[in-house]
Amino acid sequence: MRILYSLLLIFWACSLQAQYEPPEHSRLNYHPRRVFSVELVSTFNVGPSQSSFMYFNTQYSLWQRPLQQLNLQTGVGLGFMQNNYGKMVAMSVPLRLLYAYGRQGHFIEAGLGANLNLGYSLADGGNLVPVALPSLGYRYQIPQAVFFHAYLGLQYHPKLGASPLIGIAVGYDY
């Protein structure tokens, strides 16, 4: 009988700990859960493949700690490309994973992702151009207020080569 009471006491203690776990809506949010931003990206005519895009992005927080965060960024962009396929008007869909480390709103951020560009030129018609995009930059954000992001990246395509690019984004937490 003592064993049964001991087991009941252990299960009761474990259930108390589970009851006092804070619900999802009251957990601490060290960083914004979602950020909407407008981003300008350009290679400034450097490298074998030039491009300039304007993106409308949303970042979702996947993981947070006081000094760290991991975000998933997706969105849509419109712009111009010039490469082996010719001059193109393009629509782009980015998908990037961003890791930021810092405190008091200032973060160093490393990103890895890809852009899927659907371009159209009068000479060649439509082309699908996937581009890998590693980046390193600076992020400044205040929860429920301002978001600023500036980075240097490298767009890479096996046939088109690698071109350095600069990106700047401004947005807000929603």
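Residues numbered from 1 in each chain as written. Predicted model: local features only at pLDDT ≥ 70, side-chain atom pairs only at ≥ 80, totals over all residues. Heavy atoms only, no water.

> For the pairing of strand β1 (residues 34–42), give the residues involved together with the corresponding values.
Along any regular strand the residues' side chains alternate between the sheet's two faces. With nine bridges connecting them, β1 and strand β2 (residues 50–64) associate as antiparallel partners. Across the sheet, the residue bridging to Arg34 is Tyr60, located in β2. The pairing of β1 with strand β9 (residues 161–173) spans eight bridges and is classified as antiparallel. The residue bridging Ser37 from the neighbouring strand is Gly171, located in β9. (Pairing = 2+ DSSP bridges. Helix = DSSP H or I, 4+ residues; strand = E, 2+ residues; numbered from the N terminus.)

> Any chance you could break down the pattern of salt bridges for me, citing the residues and the numbers?
Opposite charge on two side chains lets them pair, provided their charged atoms get close. Scanning the entire structure with this criterion turns up two salt bridges. Between Arg96 and Glu39 there is a salt bridge, with its nearest N and O atoms 3.8 Å apart. In this pair, Arg96 is assigned in strand β4 (residues 86–103) and Glu39 in strand β1, connecting sequence segments 57 residues apart. A single burial state applies to Arg96 and to Glu39, both of which are buried. Its salt-bridge partner being Glu109, residue Arg139 comes within 2.5 Å of it at the nearest N-O pair. Within this pair, whereas Arg139 is found in strand β7 (residues 135–141), its partner Glu109 is found in strand β5 (residues 106–121), the two being separated by 30 residues in sequence. Across this residue pair, the class does not change: Arg139 and Glu109 are buried. (Salt bridge = Lys/Arg side-chain N within 4 Å of Asp/Glu carboxyl O. Buried < 20%, exposed > 50% of the residue type's maximum accessible area, 1.4 Å probe, protein only.)

> Give me the lowdown on the packing of aromatic side chains, citing residues and values where you can.
If you walk through the whole model with that rule in mind, you get two aromatic pairs. Note on Phe53 and Tyr55: the rings are 5.6 Å apart at their centroids and 25 degrees apart in plane angle, and the pair reads as stacked. Tyr55 carries the same exposure label as Phe53, and that label is buried. When the ring centre of Tyr151 is taken as origin, the NZ or CZ atom of Arg96, which lies over that ring, is 4.8 Å away. (Phe/Tyr/Trp six-rings, centres within 6.5 Å; stacked < 30°, edge-to-face > 60°. Lys NZ or Arg CZ within 6 Å of the ring centre and 35° of its normal.)

> Requested: an account of the environment of Phe147, with residues and values cited.
On the secondary structure map, Phe147 appears in strand β8 (residues 146–157). Of the residues examined, Phe147 reaches a relative accessible area of 1% and is grouped as buried. Each C-alpha atom of the pair Phe147 and Gly105 lies 9.1 Å from the other, and the pair is 42 residues apart in sequence. Apart from residues no more than four positions distant in its own chain, Phe147 is found in contact with Val35, Ser37, Gln59, Arg139, Tyr140, Gln141, Ala169, Val170, Gly171 and Tyr172. (Contact = heavy atoms within 4.5 Å.)

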